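# Residue-level structural notes
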Amino acid sequence: MEHAPKAIDVTNDVEMRTFNFFTMGIDGHPLGLHLDMAIPTILNNADEEQQKDWLPKAANREFIATYAQTEMGHGTNLKKLETTATYDPKTQEFVLNSPTITSTKWWPGNLGKSSNYAVVMAQLYTQGKCHGAHPFFVQLRDLNTHKPLKGITVGDIGPKFGMNTVDNGFLQFDHVRTPRRSMFMKHAKVLPDGRYVPPVHDKLNYSAMVFIRAAIVSGMAYHLLVTSTIAVRYSAIRRQGEITPGAGEVKVLDYQTQQHRIFPQLARGLAFRLSGQYIMKLYTQTMDDIRNGDISAVPDLHALSCGLKAVTTHHAALGLEQCRMACGGHGYSQASGFPLHYSVAVGACTYEGENMVMLLQTARHLMKIAKAIRAGQSPKSNKIVDYLFHKGPPKCLIDQAYDTNYRNVLESFEHLARRQTLEVYDKLVQLQQQGRNYEQAWNDCAVELCKATRAHVRTFLARTFVEEIDKISDLSIKSVLQDLLQLYLYYEVTECATGLLEDGFMTGQQHKYAKKKIYEALEKIRPNAVSIVDSFDFQDRELHSVLGRRDGNVYENLLKWAQSSPLNKTDVLPFHHKYLGKMMEEARQRSKI
Ligand SMILES: CC/C=C\C/C=C\C/C=C\C/C=C\C/C=C\C/C=C\CC/C=C/C(=O)SCCNC(=O)CCNC(=O)[C@H](O)C(C)(C)COP(=O)(O)OP(=O)(O)OC[C@H]1O[C@@H](n2cnc3c(N)ncnc32)[C@H](O)[C@@H]1OP(=O)(O)O
Ligand SMILES: Cc1cc2nc3c(=O)[nH]c(=O)nc-3n(C[C@H](O)[C@H](O)[C@H](O)COP(=O)(O)OP(=O)(O)OC[C@H]3O[C@@H](n4cnc5c(N)ncnc54)[C@H](O)[C@@H]3O)c2cc1C
């Protein structure tokens with residue numbers, strides 16, 4: 001039996017359990033968008049009167065709403081959404097219309113067959129002027145018959161890469177009239193006579209997206225911890241090959257390559273969990289501030305949520321695939337649960353803002369800071385970005401005898417983020433001095449801009465991980481988590497080694513030191529690995545995996561799982577005699593001739 005130190009209570013909190021709720025689904029459920037986007041939109045974009053009317057009914061599930069923003073022709077570029085909402089002052093109504101095939105709303109979760117309401121993002125026209133995309137709360141189907149209302153065409157978009165229990169749908173409006181007050185009126189308003197009242201910040205209507213981006217960070221932690229659990233447990237029972245000849249087959253978890261493949265995903269899962277808690281607190285605080293008229297934190301929240309969403313989803317996608325591959329052939333079976341978890345998790349690289357676009361949004365924020373630094377301004381006591389203003393050590397110090405609280409490692413990440421940010425800013429300026437316009441220069445720097453964002457987000461993730469582990473008082477838990485922290489930090493050093501070596505900041509010797517610290521951490525984690533994943537206390541039901549069963553009875557249950565396949569209901573299937581049997585009989589007859 002694997003060594004079992006005290007359980008680690010890392011994820012036994014409410015937020016993490018909400019993601020279990022989603023995956024219980026398993027990959028989403030009819031109320032996914034209702035809970036995740038429609039209700040947050042009502043909370044943050046409906047005025048008091050609208051909240052009084054809509055919120056109790058939404059919370060009580062008297063209707064199911066989705067969030068219908070993306071169109072067949074546009075997902076990223078919201079400025080070019082084509083659905084229109086034109087105000088008619090005579091009747092004090094908006095007329096919703098889908099003018100082109102590409103304006104068809106396409107992708108919204110639960111739109112196809114479940115929802116009877118939708119938050120609809122449409123270009124708002126009043127008094128002959130377009131004021132950009134605004135949200136409207138629109139009824140789509142009759143609450144009794146569930147039939148689409150007049151002028152509305154709605155349906156499911158068909159099978160997808162995954163999440164096929166979610167009825168992502170399409171939606172077209174043919175001059176559908178909706179009351180003036182169906183426009184969310186907390187921020188922007190249209191008065192009865194058609195006058196438009198602008199919001200204090202023109203992106204406050206985007207808050208539902210920000211919420212999901214923030215939620216995705218913990219969601220990716222959840223996916224990584226679930227799949228690491230499956231991979232660790234299976235690797236602790238799977239015996240294959242010998243290390244010492246004649247000593248008998250070993251658990252594949254004893255191979256260093258197996259540890260190097262799985263344990264960093266475990267460490268990243270914890271890192272993302274801790275940053276996920278941070279960004280969700282920042283979201284909640286910022287929404288409270290907005291309610292009190294303070295929008296100062298909006299840009300920080302946008303920049304950090306975009307960057308974290310892009311980085312954590314990308315690494316989760318890669319990490320889940322590593323966990324799958326670490327489980328050999330059985331990892332490729334649906335019985336493993338990996339196809340299900342992977343196909344749900346990778347959707348988050350695309351939805352809620354495609355990752356490249358999100359990285360570039362954060363880069364916009366970094367370029368503003370770079371401009372301030374180059375102008376000699378001092379930092380504005382913002383803990384997320386202040387380090388960019390500071391001058392760190394000229395050389396990497398990660399191999400110094402004592403690195404209290406990994407200060408030297410963090411300063412290496414800060415150095416890379418600072419250098420990458422300032423260098424790409426300088427290039428942006430140089431290209432414009434050479435005659436390119438800003439937009440062209442921006443596009444010509446886009447890859448380096450994305451690298452600056454990744455380096456900045458890595459710094460944030462690492463610092464948050466160090467700070468949160470430092471707060472733990474239970475020494476037995478702390479020592480186990482510090483092994484994972486050590487692995488995470490030095491693994492990240494090797495992941496960004498090119499950037500650290502490129503300007504001579506880090507030496508090849510120090511890179512070797514980082515690798516040594518990784519192998520050391522792998523060894524320390526190995527005896528606790530099963531206990532660490534057991535401490536997450538995932539139910540077998542949510543793991544959806546024969547390989548990851550808590551009781552470890554994989555082989556008996558793998559056979560049972562296979563035998564339960566419909567294909568095995570009878571020994572001989574009808575198709576045999578109809579096709580293969582007939583083919584072979586004819587072949588035998590022919591060979592007798
Ligand atoms: C269904 C799934 C079920 C189960 C899941 C299973 C398990 C759970 C595990 C993982 C998932 C975890 C949690 C989520 C759970 C489930 C998922 C539920 C639902 C998800 C379904 C998906 C929904 C969607 O995809 S909704 C549509 C999303 N679409 C987008 O994100 C569009 C992206 N594009 C944009 O946001 C914008 O176009 C833009 C790229 C930001 C550009 O903005 P814009 O066009 O206005 O113009 P500019 O670039 O010029 O920006 C101007 C200016 O504004 C600032 N700005 C932009 N946006 C914001 C913002 N949101 N807040 C604040 N400020 C903003 C920008 O910085 C510029 O400022 P400066 O000029 O000063 O730089
Ligand atoms: C599983 C799933 C669920 C979804 N659920 C919903 C939902 O509930 N509601 C909803 O409204 N939408 C939903 N969406 C749609 C999702 O938000 C969009 O797919 C996403 O915003 C990307 O837009 P797009 O698909 O039009 O891709 P595009 O915007 O066309 O992008 C295509 C490619 O071009 C690149 N690109 C685009 N613009 C730029 C740029 N400015 N700079 C650099 N590269 C760029 C992108 O990086 C991307 O790789 C869902 C999508 C998926 C996959």
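The chain carries the name Acyl-coenzyme A oxidase in an unreviewed UniProt entry, which gives Acrobeloides nanus as its organism. Turning to the chain, the UniProt record has this under Sequence similarities (unreviewed entry): "Belongs to the acyl-CoA oxidase family."

Here we take up unusual backbone geometry. Of note, Asn 110 is a non-glycine position whose phi angle comes to about 65°, a positive value. Here Asn 110 lies in the loop between β4 (105-106) and β5 (117-126). Judged by relative accessible area, Asn 110 falls into the buried class, the value being 1%. A positive phi angle, near 55°, is found at Met 163, a position not held by glycine.

The topology assignment puts Leu 31 in the loop between α1 (14-23) and α2 (32-45). Linking Leu 31 and Phe 63, residues 32 residues apart in sequence, is a C-alpha distance of 9.8 Å. Once residues within four sequence positions are removed from consideration, Leu 31 is found in contact with Arg 61, Ile 64 and Asn 110.

Attention shifts here to the pairing of strand β1 (residues 65-68). Side chains of β1 alternate between two faces, with Ala 65 and Tyr 67 and Thr 66 and Ala 68 buried alike. Both β1 and β5 contribute to a ladder of 4 bridges, which runs parallel. Note on β5: the bridge partner recorded for Tyr 67 is Val 119.

Turning to empty space enclosed by the protein, a few remarks are in order. According to the stated counting rule, one finds 1 cavity of 30 Å³ or more in the structure shown. Computed from the structure, the largest cavity encloses a volume of approximately 30 Å³. Looking at the largest cavity, the residues that line it are Asp 300, Ala 303, Leu 304, His 365, Asn 382, Ile 384, Val 385 and His 456. Residue contributions to the lining of the largest cavity peak at 3 residues, all from helix α6 (residues 298-325). In terms of residue class, the lining of the largest cavity is built from 4 nonpolar, 3 polar and 1 charged.

With that settled, consider the domain arrangement of the chain. Once the domains are mapped, the chain shows domain 1 (4-199) and domain 2 (209-377 + 446-471 + 480-530). For domain 1 and domain 2, the distance between their C-alpha centroids amounts to 31 Å.

On to the site of ligand 1, then. With respect to spatial proximity, 36 residues lie near ligand 1, and among them Thr 76, Lys 203, Arg 213, Arg 364 and Lys 368 are the closest. Contact with the protein chains removes 86% of the 1400 Å² of surface that ligand 1 exposes when unbound. Those elements that place two or more of their residues in the shell around ligand 1 are α1, α2, α4 (207-237), α6 and α9 (355-374). It is α4 that provides the largest number of residues to the shell around ligand 1, a total of 8 residues. Here the shell around ligand 1 is built from residues that sort into 17 nonpolar, 12 polar and 7 charged.

This part is about the pattern of salt bridges. A side chain with one charge can pair with a side chain of the opposite charge if their charged atoms come near. Per the stated rule, a full pass over the model turns up 32 salt bridges. Of the charged contacts, one joins Asp 88 and Lys 90 as a salt bridge, the two residues approaching to 3.5 Å between their closest N and O atoms. Judged by relative accessible area, Asp 88 falls into the buried class, the value being 10%. Its salt-bridge partner being Glu 492, residue Arg 268 comes within 2.9 Å of it at the nearest N-O pair. Here Arg 268 is found in helix α5 (residues 256-291), whereas its partner Glu 492 is found in helix α13 (residues 475-495), with 224 residues between them in sequence. The burial state of Arg 268 is the same as that of Glu 492; both residues are buried. When salt bridges with common partners are traced through the structure, they connect Asp 88, Lys 90, Glu 93 and Arg 177 into a single cluster.

Helix length check: α4, at 31 residues, gives a terminal C-alpha distance of 46 Å against a target of 45 Å (1.5 Å per residue), a fit within 8%. Along α4, the largest kink reaches about 25° and is centred on Ile 216. Of all 31 residues in α4, 30 are buried, a share of seventy percent or more.

Moving on, we come to the nonpolar core. Of all hydrophobic cores here, the largest spans 147 residues; its most connected members are Phe 137, Phe 263 and Leu 489. Element by element, the count of residues in this core is highest for α4, at 20 residues. Residue assignment places this core across two domains, with domain 1 (4-199) and domain 2 (209-377 + 446-471 + 480-530) each supplying three or more. Setting aside its immediate chain neighbours within four residues, Leu 489 contacts Tyr 406, Val 409, Phe 413, Ala 462 and Val 466.

Another point: the site of ligand 2. If you check the shell around ligand 2, you find 18 residues, and the closest are Tyr 67, Thr 70, Thr 76, Gly 109 and Glu 354. At 2.9 Å, a backbone N or O of Tyr 67 approaches a nitrogen atom of ligand 2. About the coverage of ligand 2: the protein hides 64% of its 970 Å² of free accessible area. Per-element accounting of the shell around ligand 2 gives the leading share, 3 residues, to α9. Residues that form the shell around ligand 2 fall into these classes: 8 nonpolar, 8 polar and 2 charged. Each of domain 1 (4-199) and domain 2 (209-377 + 446-471 + 480-530) gives at least three residues to the shell around ligand 2.

Those residues carrying the UniProt feature "binding site: FAD" (unreviewed entry) are Thr 70 and Gly 109 in this numbering. What stands out for the annotated residues spanning 40 residues is how close their C-alpha atoms remain, the widest pair being 10.6 Å apart. By the element assignment, Thr 70 lies in the loop between β1 and β2 (84-88). In contact with Thr 70, other than residues within four places in its own chain, are Gly 75, Thr 104, Lys 105, Trp 106 and Pro 108. For Gly 109, the contacting residues outside a window of four places in its chain are Leu 33, Thr 66, Ser 115, Val 166, Asp 167 and Asn 168.

The end-to-end C-alpha distance of helix α3 (residues 48-59) is 16 Å, a good match for the 16 Å that 12 residues give at a rise of 1.5 Å each. Among all positions in α3, only Gln 50, Gln 51, Trp 54, Leu 55 and Ala 58 are buried. Considered in projection along α3, the buried side chains sweep an arc of 105° and stay on one side of the axis. For α3, the exposed residues lying more than 90 degrees away from the buried face are Glu 49 and Lys 52. Of the surrounding elements, those touching the buried residues of α3 are α2 and β6 (129-139). Downstream of α3 by one or two residues, Arg 61 has phi in the positive range, about 55°.

To continue, consider the layout of surface pockets. The volume enclosed by the second largest pocket comes to roughly 600 Å³. For the second largest pocket, the lining is made up of 28 residues, of which Lys 451, Arg 454, Ala 455, Arg 458 and Glu 495 are closest to its centre. Of all elements in the fold, only α5, α6, α9, α10 (407-433), α12 (446-470), α13 and α14 (497-502) reach the threshold of two or more residues within the lining of the second largest pocket. Broken down by element, the lining of the second largest pocket gets its largest block of residues, 6 residues, from α12. Counted by class, the lining of the second largest pocket contains 11 nonpolar, 6 polar and 11 charged residues.

The rules behind these values
- Residues numbered from 1 in each chain as written.
- Chains lettered and ligands numbered in written order.
- Predicted model: local features only at pLDDT ≥ 70, side-chain atom pairs only at ≥ 80, totals over all residues.
- Heavy atoms only, no water.
- UniProt positions renumbered as here; feature names shortened; annotations may be inferred.
- Helix = DSSP H or I, 4+ residues; strand = E, 2+ residues; numbered from the N terminus.
- Buried < 20%, exposed > 50% of the residue type's maximum accessible area, 1.4 Å probe, protein only.
- Contact = heavy atoms within 4.5 Å.
- Pairing = 2+ DSSP bridges.
- 1 Å grid on protein atoms, 1.4 Å probe; cavity = no way out; pocket = protein on both sides within 12 Å on 5 of 7 lines; lining within 4 Å.
- Points joined across faces, edges and corners; volume = space filled by probe spheres on them.
- Nonpolar A, V, L, I, M, F, W, Y, C, P; charged D, E, K, R; others polar.
- Domains from an automatic or database assignment.
- Near = heavy atom within 4 Å.
- Areas by Shrake-Rupley, 256 points an atom, 1.4 Å probe, with all protein chains shown as cover.
- Salt bridge = Lys/Arg side-chain N within 4 Å of Asp/Glu carboxyl O.
- Expected span 1.5 Å × (residues − 1).
- Bend = angle between axes of the 7 residues up to and from the residue.
- Core = buried A, V, L, I, M, F, W, Y, C linked by side-chain atoms within 4.5 Å.
- Polar contact = N/O pair within 3.5 Å; in protein donor to acceptor, adjacent residues only side chain to side chain.
- Arc of directions from axis to C-beta.

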